[in-house]
Amino acid sequence: MVSKNRFQTDQQIIWCPGCGNFGVFQALQNTLEELNLRPDQVLAVFGIGCHGHMANYLKTYTVEALHGRAIPLAMGVKLANNSLTVLAIAGDGDQLGEGGNHLIHACRKNPDIKCLIHNNQLYSLTVGQASPTSDLGTKTKTTPDGVFDQPLNPLTLALASGASFVARGFAGNVPQLTRILIEAIKHKGFAVIDILQPCPSLNKANTFQWFQQRVYELGKNYNFKDKNKAFEKALEWGEKIPIGIFYQENRPTLEDHLLPVLKKSINNLFLKTDFKKLIAEFR
Ligand code: SF4
């Protein structure tokens, strides 16, 4: 169940009972409330997947992108209207498979966008094929003998690609996920938040209980400015799985670099072009 507030529409929610998407949706609503944002100040771009139904439930501007293309669409929106809080929300298959190239380059370009990865370690909308984050040995319809590809680690990928904010939350810990999302939105730059989002219908291994036995919060003494430490912690996966903000740095955003150039180009185009002469040339 999701407790309703002004960021939820009247649409009936069709996620399976117990789906991790409920926890993510609740944390996102809490975050927008906590930050005192208005629905018209937020635009969320969704990918394709079970998470994408949220485009109908979240009362902000929402749009569903092509598969794997949530990030470039979000970057275009942010450049067109820099005052919006822009979110790129998609699953592990979408953000790390089809959209993996966009994720890497957004990390190094640093647009002021928040990238939420609903990581259920499967392509669940299409009933459970292996995704880039499926654990080794996971049996699915596409991998009846078990996954043999090395799983992608979203955190080390984001760190190595230059993301300025890297975190991991758990759909089963809504208060902590809310705290992470608040800091991510306050952060000026590209934030990658890997969210452990159990899919009880199709992923029978990485369940809420499985995660609850393993997750622990990076403590107050953890130094999120230390990139080496962030890599070390990001590599922990198995008996213990850390959650929290792994890394944060401040540096200019894509908009800081690009918007003055775009403004100048547009000014030059409209103020210095003799349109009458230009049209006459085409007659
Ligand atoms: Fe959630 Fe899995 Fe059901 Fe999709 S298939 S709605 S991810 S529980």
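Residues numbered from 1 in each chain as written. Predicted model: local features only at pLDDT ≥ 70, side-chain atom pairs only at ≥ 80, totals over all residues. Heavy atoms only, no water.

Visitor: Help me understand the site of the ligand, please; the structure alone is not making it clear to me.
Guide: The full set of residues close to the ligand is Trp15, Cys16, Cys19, Asn21, Cys50, Asn120, Ser124, Gln197, Cys199, Pro200, Ser201 and Leu202. For the shell around the ligand, the residue count by class is seven nonpolar, five polar and no charged. (Near = heavy atom within 4 Å. Nonpolar A, V, L, I, M, F, W, Y, C, P; charged D, E, K, R; others polar.)

Visitor: Just to check I follow, could you spell out the environment of lysine 141 for this structure?
Guide: Here lysine 141 shows up in the loop between strand S6 (129-130) and helix H6 (154-161). Taking the C-alpha atoms as reference points, lysine 141 and alanine 130, 11 residues apart in sequence, are found 7.9 Å from one another. When residues no more than four places from it in sequence are discounted, the contact partners of lysine 141 are Val127 and Gly128. Here the side chain of lysine 141 touches valine 127 through a polar contact of 3.3 Å, landing on its backbone oxygen. (Helix = DSSP H or I, 4+ residues; strand = E, 2+ residues; numbered from the N terminus. Contact = heavy atoms within 4.5 Å. Polar contact = N/O pair within 3.5 Å; in protein donor to acceptor, adjacent residues only side chain to side chain.)

Visitor: How should the sheet that holds strand S3 (residues 85-91) be read in this particular structure?
Guide: Backbone-to-backbone hydrogen bonds join strands into a sheet, with any given pair of strands oriented parallel or antiparallel. Pairing is mixed across the open sheet formed by eight strands, whose spatial order is S2-S1-S3-S4-S8-S7-S10-S9. Each end of this open sheet is capped by a strand with a single partner; those strands are strand S2 (61-64) and strand S9 (215-217). Across the sheet, the mean angle from the axis of one strand to that of its neighbour is 20°, orientation sign disregarded. Contacts from helix H9 (residues 227-234) reach strand S7 (165-170), S9 and strand S10 (241-248) within the one sheet, and its direction differs from that of S10 by about 155°. (Pairing = 2+ DSSP bridges. Axes fitted to C-alpha atoms, helices over the stretch in contact; angles between N-to-C directions.)

Visitor: What's the story with the packing of aromatic side chains in this structure? I'm lost.
Guide: Between two aromatic rings, the relevant description is the distance of the centres plus the angle of the planes. Taken as a whole and assessed by the stated rule, the structure comprises nine aromatic pairs. Ring geometry for tryptophan 15 versus phenylalanine 22: centroids 5.4 Å apart, planes at 85°, classification edge-to-face. Pairing tryptophan 15 with tyrosine 57 gives two aromatic rings, centres 5.1 Å apart and planes at 90°, and the pair type is edge-to-face. Of this pair, tryptophan 15 sits in the segment before helix H1 (21-34) while tyrosine 57 sits in helix H2 (residues 54-57), placing them 42 residues apart in sequence. (Phe/Tyr/Trp six-rings, centres within 6.5 Å; stacked < 30°, edge-to-face > 60°.)

Visitor: Explain the environment of valine 147 here, please?
Guide: When you line up the elements, valine 147 lands in the loop between S6 and H6. Each C-alpha atom of the pair valine 147 and alanine 130 lies 7.2 Å from the other, and the pair is 17 residues apart in sequence. Setting aside chain neighbours within four positions, we find valine 147 in contact with Ala130, Ser134, Asp135, Leu136, Gly137 and Thr138.

Visitor: Any chance you could explain the environment of isoleucine 104 here in plain terms?
Guide: Inspection of the secondary structure puts isoleucine 104 in helix H5 (residues 100-109). Ignoring any residue separated from it by four or fewer positions in sequence, one finds isoleucine 104 in contact with Leu157 and Ser161.

Visitor: What's the story with the nonpolar core in this structure? I'm lost.
Guide: One broad rule of soluble globular proteins: the nonpolar side chains tend to lie buried together. Judged by nonpolar contacts, the single largest core of 33 residues is most densely connected at Leu32, Leu58 and Ile193. Where this core is concerned, the elements lending two or more residues are H1, strand S1 (42-46), H2, S3, S7, helix H7 (174-186) and strand S8 (191-196). Excluding residues within four positions of it along the chain, leucine 58 makes contact with Phe7, Thr9, Phe25, Leu28, Leu32, Ala44 and Phe46. By size, the runner-up hydrophobic cluster in this structure holds 32 residues, among which are Leu103, Phe190, Leu218 and Ala230. (Core = buried A, V, L, I, M, F, W, Y, C linked by side-chain atoms within 4.5 Å. Buried < 20%, exposed > 50% of the residue type's maximum accessible area, 1.4 Å probe, protein only.)

Visitor: What exactly am I supposed to notice about the domain arrangement of the chain here?
Guide: Accessible area lost upon the coming together of the parts is a frequently used measure of interface size. Here the chain is described as being made up of domain 1 (21-251) and domain 2 (253-283). Measuring from the centre of the C-alpha atoms in domain 1 to the corresponding centre in domain 2 gives 37 Å. Listed by partner, the interface residues are 11 residues for domain 1 and seven residues for domain 2. Buried area between domain 1 and domain 2, summed over both chains or domains, comes out near 730 Å², and the portion from carbon and sulfur atoms is 65%. Scanning the region where domain 1 abuts domain 2 turns up one salt bridge. In this structure, the salt-bridge partner of lysine 188 is aspartate 256, at a minimum N-O distance of 3.0 Å. Connecting domain 1 to domain 2 are five residue pairs in polar contact (both at pLDDT 80 or more). With three residues, the top contributor of residues to the side of domain 1 that touches domain 2 is helix H3 (residues 70-80). (Domains from an automatic or database assignment. Buried area = accessible area lost by both parts, 1.4 Å probe. Salt bridge = Lys/Arg side-chain N within 4 Å of Asp/Glu carboxyl O.)

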